[in-house]
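Here are the chains, one letter per residue:
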Amino acid sequence: MTTTTARLSEIAPGVWVAQSRFYAQNSTVLLDGHGGAIVVDPAYYADELAAIPPDLAALGVRAVAGISTHMHYDHVLWHPDLGDVPRWSTPGTVRETVENRERVVADLVGALPDDLVDLAARLTPYDGELVEWSGPTLRIHVHDAHAPHHLALELPDLGVLLAGDMLSDVELPYPADDDTDLVTYRTGLESLGDVVRRSRVLVPGHGGVSENPVERWDADRRYLDDLEERGISDDPRIGHDDMAELHAANVRRGAAARNWS
Ligand SMILES: [Zn+2]
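Below, the structure is looked at part by part.

## Here we look at the environment of Ile-38
Secondary-structure assignment places Ile-38 in strand 4 (residues 36–40). We classify Ile-38 as buried; it has 23 C-beta atoms within 10 Å. When the C-alpha positions of Ile-38 and Asp-81 are compared, they lie 14 Å apart, and in sequence the two are 43 residues distant.

## With respect to the sheet that holds strand 9 (residues 150–155)
With respect to topology, 4 strands assemble into an open sheet ordered 8-9-10-11, the strand pairing being mixed. Sheet topology places strand 8 (139–143) and strand 11 (201–204) at the edges, where each strand pairs with a single neighbour. Taken pair by pair, the neighbouring strands of this sheet meet at an average axis angle of 20 degrees, ignoring direction. Across 4 bridges, the pairing between strand 10 (residues 160–164) and strand 11 is parallel. The partner of Leu-162 across the bridge, within strand 11, is Val-203.

## Concerning the environment of Leu-112
Checked against the element boundaries, Leu-112 lands in the loop between helix 3 (101–105) and helix 4 (114–119). Residues Leu-112 and Ala-46, 66 residues apart in the sequence, show an inter-C-alpha distance of 6.6 Å. Excluding its chain neighbours within four sequence positions, the residues that come into contact with Leu-112 are Ala-46 and Val-117.

## Thoughts on the sheet that holds strand 2 (residues 15–19)
If you trace the 7 strands from one edge of the open sheet to the other, you get 1-2-3-4-5-6-7, paired in mixed fashion. Every other strand in the sheet has two partners, leaving strand 1 (9–12) and strand 7 (124–125) as the edge strands with one partner each.

## Things to note about unusual backbone geometry
Residue Ala-43 is joined to Tyr-44 through a cis peptide bond whose omega torsion reads -15 degrees. Along the chain, Tyr-44 turns up in the loop between strand 4 and helix 1 (46–58). Of note in this structure, Ala-121 is not a glycine but carries a positive phi near 60 degrees. Positionally, Ala-121 belongs in the loop between helix 4 and strand 7. Residue class for Ala-121 comes out buried when judged on the 26 C-beta atoms lying within 10 Å of it. In this structure, His-149 takes a positive phi of about 65 degrees despite not being glycine. With respect to the helices and strands, His-149 occurs in the loop between strand 8 and strand 9.

## A short note on helix 7 (residues 213–229)
With 17 residues, helix 7 should reach 24 Å at 1.5 Å per residue; the first-to-last C-alpha distance of 24 Å fits that figure. If you check which residues of helix 7 are buried, you get Pro-213, Arg-216, Trp-217, Asp-220, Tyr-223, Leu-224, Leu-227 and Glu-228. All buried residues of helix 7 fall inside an arc of 130 degrees around its axis, so they share one side. Gly-231 sits one or two positions beyond helix 7 and adopts a positive phi of about 80 degrees.

How each quantity is defined
Every chain's residues receive numbers from 1 upward, in the order its sequence appears when written. Local features in this predicted model are restricted to residues whose pLDDT is 70 or higher, and side-chain atom pairs enter the listing and the counts only when it is 80 or higher, whereas totals over whole chains, interfaces and linings include all residues. Numbering of helices and strands runs from the N terminus, with a helix taken as a DSSP run of H or I at least four residues long and a strand as a DSSP run of E at least two residues long. Remark: C-beta atoms are placed from the backbone, and a residue is labelled buried if 20 or more other C-beta atoms sit within 10 Å of its own, exposed if 12 or fewer do, or partly exposed between those counts. Two strands qualify as a pair provided that DSSP identifies no fewer than 2 bridges between them. Between the N-to-C directions of two axes lies an angle of 0 to 180 degrees, each axis being a line fitted to C-alpha atoms and, for a helix, fitted only over the stretch in contact. Working definition of a contact: two residues with C-beta atoms, positioned from the backbone, lying within 7 Å. A helix's residues, less one, multiplied by 1.5 Å, set its expected span. The arc under discussion is defined with respect to the helix axis, by the directions toward the C-beta atoms.

What follows is the structure in structure tokens.
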């Protein structure tokens, strides 16, 4: 039997990914094998979000929960047809989306229909290392590299890592605003080293799925080393769309790191 979905394709057993027109953003659906699914970072445009529920129906499953990897506006979306289920994130991320809701959703206003803006960032704190669900072991790894309280999701039995906005082939390392010397970013990246080494398939927040996670991790470390040691890098991502401003900011962060040492 073949299953036809509009957007989702299976990248590992029970792990389905859809790529958005919005900065090649990945939405991931994890099947529990019992008719349920966790939808991670569904994105981005209204028609793309609306296509996910029928895709779940085609797979014979329904959403039992959502997970947002971090507080950025493109990672806290949902669609009404996915249902009123808990949408988990780290307690720190949820606190931020409550206390600074307007700022979190600001970039969505006018870009998406009002009902989707209203539904964005309605998250429930999840305080634990293992996700309680009826699917395969699902482990949460929290760090502060790209955003404070950012989580990565590991499916160790499948060798799959959902990295959120880390380890991308299209986006340079993108530190949080208050990370002025790349130290927080490097600490977060290093904290993922073991899980990267034991994973076989990587789904980044934006860009292509990789079957060589270590290659992505090494590229990001090399880029940080370049900026901290020399202030220049030949990382090919520098030439990608919209990366010039980020790279310039990262060069300044690298210079700050050199001045400290
Ligand atoms: Zn982000």
